[in-house]
Amino acid sequence: MLKDFLTKHVGIFIEFTIIVIVTFLLMKVINFLDKKIRVNIISKHENSARLLSFCPILNKVIKAIVLFIIIASVMQAHGYSMTSLVAGFGIVGMAVSFAAKESIANIFGSVSILYDKVFDLGDYVKINDVEGYVNDISLRSTKIKTLDNSIITVPNNIVANSVIINYSLIKKRRMIETIGITYGTANEKIDKAIEIIKSVIRDNNEVVTNDNLVFLEKLNSSSIDIHLEAYINYGDLANFRRVRQDVIKEVVRQFRQEGIDFAFPSQSIYIENNEN
């Protein structure tokens, strides 16, 4: 009787020891492969920073799957029903998924951002109404640094389902301006104004010189309007605004130098004198 008791419990102890050793070795193998993949494969990838951020969660998921398989196998070997076990895990999984559906959605959003290569760290983007530089990309959210140095955090499930404009991928950005001069401007001065605008565009090496339009657009209510349309060699808003400012300042400087007056909204009132 005692012999059977000892034999049974020694067998259980040996089995438990073997399971622990096998589990420990499998965890070590997973960690070893994880390290090798990070060093030899991911570190050489162009999106290594983002891929590395996904490694810890992937490591934990694989370990959880391995543990589940080991536990299920042991229980199956001892006569427990795998159908009941799987059903139990399914109910628990459903409860967890409902409780953490936003987090799960954010993780899938992160995967979508990663593999679609929508943007990278440092890119200047517009996500819905949020515009700025990509400051950080994590499993849960993307942080955008705006031009006024505010940090806006956008959940990745929202990012993945938004219309995104990546200005860093744009090589040039269009500038459209209407420059109004007064109706009292002489004909030769009108021609001079158009020539000044063309020369300012031509002399600025940050503006695309072979793809621009300058022409007399229309006679407005209080001005003669000259249309300026040109492409600036930057996609981000900060550089675009800087170059546009340089162009406008130079146009103003040369107009004043030539005595060409800018128009402003005004009205002329004519009084008719009726003599009886």
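Scroll up to find the structure.
Numbers given to residues run from 1 along each chain, matching the order in which its sequence is written. pLDDT decides what is reported in this predicted model: residues at 70 or higher carry local features, side-chain atom pairs at 80 or more are listed and counted, and totals for whole chains, interfaces and linings draw on all residues regardless. Side-chain metrics in this entry use all non-hydrogen atoms of the structure; hydrogen atoms and water are not considered.

**Quick word on the overall build of the protein chain**
Definition in use: Helix numbering and strand numbering both begin at the N terminus, where a helix is a DSSP run of H or I of at least 4 residues and a strand a DSSP run of E of at least 2. Here the term buried applies to any residue with accessible area under 20% of the maximum for its type, exposed to any over 50%, and partly exposed to those in between, with areas from a 1.4 Å probe on protein chains only. Residue contacts follow a heavy-atom distance rule, with two residues in contact if any of their heavy atoms lie within 4.5 Å. For every accessible area listed, the method is Shrake-Rupley and the probe measures 1.4 Å; residues are considered covered only by the protein chains on display.
Along the protein chain, the regular secondary structure elements total seven helices and eight strands. Residue burial in the protein chain is summarised as follows: out of 276 residues, 29% are buried. A fraction of 62% describes how many contacts in the protein chain between residues 6 or more apart in sequence connect residues 24 or more apart. Accessible area for the protein chain stands at about 18500 Å²; split by element, carbon and sulfur atoms hold 60% of it.

**Thoughts on unusual backbone geometry**
Backbone geometry places N128, a non-glycine residue, at a positive phi of 55 degrees. Along the chain, N128 falls in the loop between β1 (124–127) and β2 (130–137). Owing to a relative accessible area of 42%, N128 belongs among the partly exposed residues under this scheme. The residue N149 is not glycine, and still its phi comes out positive at about 70 degrees.

**Observations concerning helix α7 (residues 237–258)**
Worth spelling out the cut-off: For a helix, the expected span equals 1.5 Å multiplied by the residue count minus one. Taking the helix axis as origin, the arc is that swept by the directions to the C-beta atoms.
For α7, which comprises 22 residues, the first-to-last C-alpha distance of 31 Å matches the rise-based estimate of 32 Å (1.5 Å per residue) to within 8%. Of all the positions in α7, only L237, F240, V243, V247, V251, Q254 and F255 are classed as buried. Each buried residue of α7 lies within a common arc of 140 degrees when the element is viewed along its axis, so the set occupies one face. Structural note: α7 exposes K249, R256 and Q257 on the side pointing more than 90 degrees away from its buried face.

**Considerations on helix α6 (residues 187–203)**
Helix length check: α6, at 17 residues, gives a terminal C-alpha distance of 25 Å against a target of 24 Å (1.5 Å per residue), a fit within 8%. Among all positions of α6, only I190, A193, I194, I196, I197, S199, V200 and I201 are buried.

**Here's the deal with the packing of α6 against α7**
Threshold: Working convention: axes come from line fits to C-alpha atoms, limited for helices to the stretch in contact. Angles between N-to-C directions cover 0 to 180 degrees. Handedness of each helix crossing follows the sense of rotation of the near helix against the far helix: counterclockwise by less than a right angle gives left-handed, clockwise gives right-handed. Residues are grouped as follows: Ala, Val, Leu, Ile, Met, Phe, Trp, Tyr, Cys and Pro are nonpolar; Asp, Glu, Lys and Arg are charged; every other residue, Gly included, is polar.
Where α6 meets α7, the closest approach of the two axes is 10 Å, and the angle between their N-to-C directions is 145 degrees. In terms of crossing hand, the pair formed by α6 and α7 is right-handed. Here α6 contributes K189, K192, A193, I196, I197, S199, V200 and I201 to the contact with α7, which in turn contributes V247, E250, V251, Q254, F255 and E258. Classifying every residue of the contact of α6 with α7 by side-chain character gives eight nonpolar, two polar and four charged.

**Points about the sheet that holds strand β8 (residues 224–232)**
To be explicit about the condition: A pair of strands is treated as paired once DSSP finds two or more bridges between them.
With antiparallel pairing, the three strands of this open sheet are ordered in space as β6-β8-β7. Two strands close off the open sheet at either side, each with one partner strand: β6 (173–181) and β7 (207–219). In this sheet, neighbouring strand axes are inclined to one another by 20 degrees on average, regardless of whether the strands run parallel or antiparallel. Bridging between β6 and β8 involves nine bridges; their strand directions are antiparallel. Within the sheet, the bridge partner assigned to M175 lies in β8 and is A230. Running over the sheet, α7 touches β6, β7 and β8 and is turned about 25 degrees from β6.

**Some points on the nonpolar core**
The test is simple: The nonpolar core is taken to be a set of buried Ala, Val, Leu, Ile, Met, Phe, Trp, Tyr and Cys residues, with the residues joined through side-chain atoms within 4.5 Å.
I181, I197, L228, V247 and F255 are the most contacted members of the largest nonpolar core, which has 26 residues in total. Elements represented by at least two residues in this core include exactly β6, α6, β7, β8 and α7. By residue number, the principal contributor to this core is α6, which donates seven residues. The residues contacting F255, other than those within four sequence positions of it, are I179, I181, A193, I196, I197, I260 and F262.

**As for the pairing of β1**
Pairing analysis gives four bridges linking β1 to β2, with the strands arranged antiparallel. Residue K126 lies in a different strand from β2, and its bridge partner there is E131. Hairpin connection between β1 and β2: a loop of two residues separates the two successive antiparallel strands, and N128 in this loop has a positive phi of roughly 55 degrees. Bridge count between β1 and strand β5 (residues 164–166): three bridges; the pairing is antiparallel. Counterpart to K126 in the pairing with β5 is I165.

**Re the packing of aromatic side chains**
Heads up, the rule is: Two aromatic rings from Phe, Tyr or Trp, using only the six-membered ring of Trp, form a pair when their centres are within 6.5 Å; if the ring planes differ by under 30 degrees the pair is stacked, by over 60 it is edge-to-face, and anything between is tilted.
Per the counting criterion, the structure on display carries three aromatic pairs. Between Y124 and Y167, the aromatic rings sit 5.8 Å apart at their centres with planes inclined by 50 degrees, giving tilted as the arrangement. Pair noted here: Y124 is in strand β1 and Y167 is in the loop between β5 and β6, with a separation of 43 residues, a long-range link. Taken individually, Y124 and Y167 each receive the classification buried, so the pair is uniform in this respect.

**As for the sheet that holds strand β3 (residues 141–145)**
The sheet built from five strands is open, its strands ordered β4-β3-β2-β1-β5 with antiparallel pairing. The open sheet is flanked by β4 (151–155) and β5, the only strands paired with a single partner. The sheet shows a mean angle of 40 degrees between the axes of neighbouring strands, taken without regard to direction.

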